[in-house]
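Structural features, examined
Listed below are the residues making up each chain.
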There are 2 protein chains.
Amino acid sequence: MDHQQNDHRQAPLRIAIVGYGNLGRGVEAAVAKNPDTRLVGVYTRRDPAGVKPASGVPAHAVADLPAHKSEIDVLILCGGSKDDLPVQTPEYARHFNVVDSFDTHARIPEHFARVDAAARAGQTTALISAGWDPGLFSINRVMGDALLPDGATYTFWGKGLSQGHSDAIRHVPGVAGGVQYTVPIARAVEAVRSGTRPELSTREKHLRECYVVLEPGADAEAVRRAIVTMPDYFADYDTTVHFIGAEELAREHSTMPHGGFVIRSGNTSQKTGHVIEYRLQLDSNPEFTASTLLACARAVQRLHQAGQHGCKTLLDVPPALLSARSAEQLRADFL
Amino acid sequence: MDHQQNDHRQAPLRIAIVGYGNLGRGVEAAVAKNPDTRLVGVYTRRDPAGVKPASGVPAHAVADLPAHKSEIDVLILCGGSKDDLPVQTPEYARHFNVVDSFDTHARIPEHFARVDAAARAGQTTALISAGWDPGLFSINRVMGDALLPDGATYTFWGKGLSQGHSDAIRHVPGVAGGVQYTVPIARAVEAVRSGTRPELSTREKHLRECYVVLEPGADAEAVRRAIVTMPDYFADYDTTVHFIGAEELAREHSTMPHGGFVIRSGNTSQKTGHVIEYRLQLDSNPEFTASTLLACARAVQRLHQAGQHGCKTLLDVPPALLSARSAEQLRADFL
């Protein structure tokens, strides 16, 4: 294909959302910010009569997707990585161009293989594991390694709300509600930025802050101990637990900020070192992820039009294909 | 083409350098850090007998290039943007895959058109304007705009040595030597990072610091005034001039550090804002630029093998093509 020859699209890119949770609502918000795109519908496994998209587009049952195929350019799959996407992405990739945000890092090769087989069979284009990590952070890990092969890469997350760790807290007996923030440790970030390539343990890189609402009569110290000693989730970290009221939890901890850093430091000769840092500071993890998925849908449509079938990731996408602007304008005004 | 199917190269990528200044020496150093590449020769317009590459590769006259065509996969053109590259890149792109670092932003579309015509005629692949700005910073300007279309982008340069401004100083009567550092103003950077999308004048974004060695008997105040009032280069900035001795200039100001930031701030909904920051801190501008050019040479070779002829920029390059690693390894370990 020839990226220089991308037509400046006239017809809007027709997007459909599968799954109307935080991420699906984020895609809906992103469409409103991207005039070259149009949302044609929301598809749900619930009763569509109970789903009222904020933008007024119709809600349909997922069973209606085959009948609506000709109205949809790209499906954005907004389900979860644990149970939804491993089934949905291969299933829909057989018939639609799709984008997902599959983020179980260890299972990406397996997910890729299944989606690739489906998309090749259906002559469609799929882009998996889009978002910021995996996604934008992955691009920076790959480019850092390629640009400074004699070096070390560090990824820090936060300060941000971790959905998985918040869920883990809420399963502790005696806990009525709670959230967990992952916090990069400033001393570690500074050491990495200095270019000294420190070796850092898990405990040295991040700490975990929990805000917990107790059930009536629960033993605070027992809850605290159950949280901070929980294997995999908390035991390898310095964890602090703050007990707060239900009202404070709702008032102060209902948004989903996140972000983080990818830092590469490396040498091009013995005494000559460099530091590359990519940093995100996000008021809303699902809204930013959704906005990234929408830009990826634009790239998927163009790759598909160029005959590139099969499964892709953001590592396979030329940056220009994410943009609504023409290649000529990007060269003249952005290069 | 199909990025998933890139073979893991066995034969090294054969690189030749045209022009053996700071940038050419940087490419030579980068080859030493990238075991999948090999430097086959340095080509010069000078008498090659007077050029002794540090790595021991032979130096040749540029007139020998046609005879050596079969030994070279990619030519990295290390001349200047003012006089060398506008002539050399189209000339060599007719016969070789080439990479250049053409950095006169306003003339990129014109340079692109000439190189594209040459490369299409010769069925070669050319990548122009590689490096960090244009180049890596351009990628981040394009992606920031695509990911957060309701937003503003800011580029800051420095702290770093500006070759053009240093040259301008050295042309002032009474100046025996000198360097100029471009310095981003911390207050402006912080305002941008806060996400408030400030409007910033030229003077508010950067200041300029000059270290100047006077000729014997020169009038320091006259020199200072000539520098700070120089149109285009200094008049629109707050500029400080420090007079130092020749020994201090040689001791403290002989390296070429540089770097900067690209910051995008934008909203995905009315109250939800995000900040994306890409930051480079470089001990040596030419060595880092050269390392980037070498990674681009890898991508050029792969694009060429996939039949993608014509002129490209980094905006057209999938990140995976810059890496020596296989697509499978990148998905498993970097995504």
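Residues numbered from 1 in each chain as written. Chains lettered and ligands numbered in written order. Predicted model: local features only at pLDDT ≥ 70, side-chain atom pairs only at ≥ 80, totals over all residues. Heavy atoms only, no water.

For the rest of this paragraph, the subject is the overall build of chain A. Of the regular secondary structure elements, chain A holds 11 helices and 14 strands. Radius of gyration (C-alpha) of chain A: 22 Å, near the 20 Å computed for a compact globule of 335 residues. When the backbone C-alpha atoms are referred to their principal axes, chain A occupies close to 65 × 60 × 35 Å. Counting contacts in chain A only where the partners sit at least 6 residues apart, residues at least 24 apart contribute 69% of the total. Looking at chain A as shown, the accessible area adds up to about 13,400 Å², and 49% of this sits on carbon and sulfur atoms. Treating the 34 positive side-chain charges of chain A as one cloud and the 38 negative ones as another, the clouds have centres 3 Å apart. (Helix = DSSP H or I, 4+ residues; strand = E, 2+ residues; numbered from the N terminus. Rg over C-alpha atoms; globule rule 2.2 N^0.38 Å. Contact = heavy atoms within 4.5 Å. Areas by Shrake-Rupley, 256 points an atom, 1.4 Å probe, with all protein chains shown as cover. Lys, Arg positive; Asp, Glu negative; His and termini not counted. Charge placed at Lys NZ, Arg CZ, Asp CG, Glu CD.)

Residues and elements named next belong to chain A. Axis separation between helix α2 (residues 85-93) and helix α3 (residues 108-122) bottoms out at 7 Å; the angle between their running directions is 20°. Here α3 runs roughly parallel to α2, going by the angle between their axes. Relative to α3, α2 is oriented so that their crossing is right-handed. Seen from α2, the contacting residues are L85, P86, T89, P90 and A93; seen from α3, they are H111, R114, V115, A118 and A119. By residue class, the composition of the contact of α2 with α3 is 7 nonpolar, 2 polar and 1 charged. (Axes fitted to C-alpha atoms, helices over the stretch in contact; angles between N-to-C directions. Parallel < 35°, antiparallel > 145°, perpendicular 65-115°, else oblique. Left-handed = near helix turned anticlockwise from the far one by under 90°. Nonpolar A, V, L, I, M, F, W, Y, C, P; charged D, E, K, R; others polar.)

This brings us to the interface of chain B and chain A. Taken together, the contacts link 73 residues of chain B with 73 residues of chain A. Here chain B packs against chain A, burying approximately 6,400 Å² in sum over the two surfaces, 57% of which is carbon and sulfur. In this structure, the connection of chain B to chain A is made through 6 salt bridges. A salt bridge links K33(A) to D150(B), with the shortest nitrogen-to-oxygen separation between them at 2.6 Å. (Buried area = accessible area lost by both parts, 1.4 Å probe. Salt bridge = Lys/Arg side-chain N within 4 Å of Asp/Glu carboxyl O.)

This part takes up the relation of the copies chain B and chain A. Under the fitted operation, chain B is carried onto chain A by 0.0 Å of movement along the axis and a turn of 180°, and the coordinates agree to an RMSD of 0.0 Å. Given the turn and translation reported, the copies of this chain are related as if by a two-fold rotation axis. The share of interface residues of chain B whose copies in chain A are also at the interface is 100%, consistent with both copies meeting through the same surface. (Least-squares fit on C-alpha atoms with pLDDT ≥ 70 in both.)

It is worth spelling out empty space enclosed by the protein at this point. Enumeration over the complete set of coordinates arrives at 6 cavities of 30 Å³ or more. By volume, the largest cavity amounts to about 120 Å³. Around the largest cavity sit 13 residues that line it, and N140(A), Y278(A), I139(B), N140(B) and M143(B) are the ones nearest its centre. For the lining of the largest cavity, the secondary-structure elements that each account for two or more residues are α4 (136-147) of chain A together with α4 (136-147) and β13 (272-282) of chain B. Sorting elements by how many residues they give to the lining of the largest cavity places α4(B) first, with 6 residues. In terms of residue class, the lining of the largest cavity is built from 10 nonpolar, 3 polar and no charged. (1 Å grid on protein atoms, 1.4 Å probe; cavity = no way out; pocket = protein on both sides within 12 Å on 5 of 7 lines; lining within 4 Å. Points joined across faces, edges and corners; volume = space filled by probe spheres on them.)

Further remarks concern helix α5 (residues 163-170) of chain A. Residues and elements named next belong to chain A. Three or more residues of α5 are buried, namely H165, S166, A168 and I169. The arc that holds the buried residues of α5, viewed along the axis, is 155°, so those residues lie on one side. The inward-facing, buried residues of α5 contact β8 (160-161), β9 (175-184), β10 (206-214) and α8 (220-228). (Buried < 20%, exposed > 50% of the residue type's maximum accessible area, 1.4 Å probe, protein only. Arc of directions from axis to C-beta.)

Moving on, we get to the sheet that holds strand β6 (residues 125-127) of chain A. Residue and element names in this part refer to chain A. The strand order across the open sheet built from 7 strands is β3-β2-β1-β4-β5-β6-β14, with neighbouring strands paired in parallel fashion. Two strands close off the open sheet at either side, each with one partner strand: β3 (59-61) and β14 (310-312). Ignoring which end each strand starts from, the neighbouring axes of this sheet average 25° apart. Judged from the 2 bridges that link them, strand β5 (residues 97-99) and β6 form a sheet pairing that is parallel. In the strand pairing of β6, V98 is matched with A126. (Pairing = 2+ DSSP bridges.)

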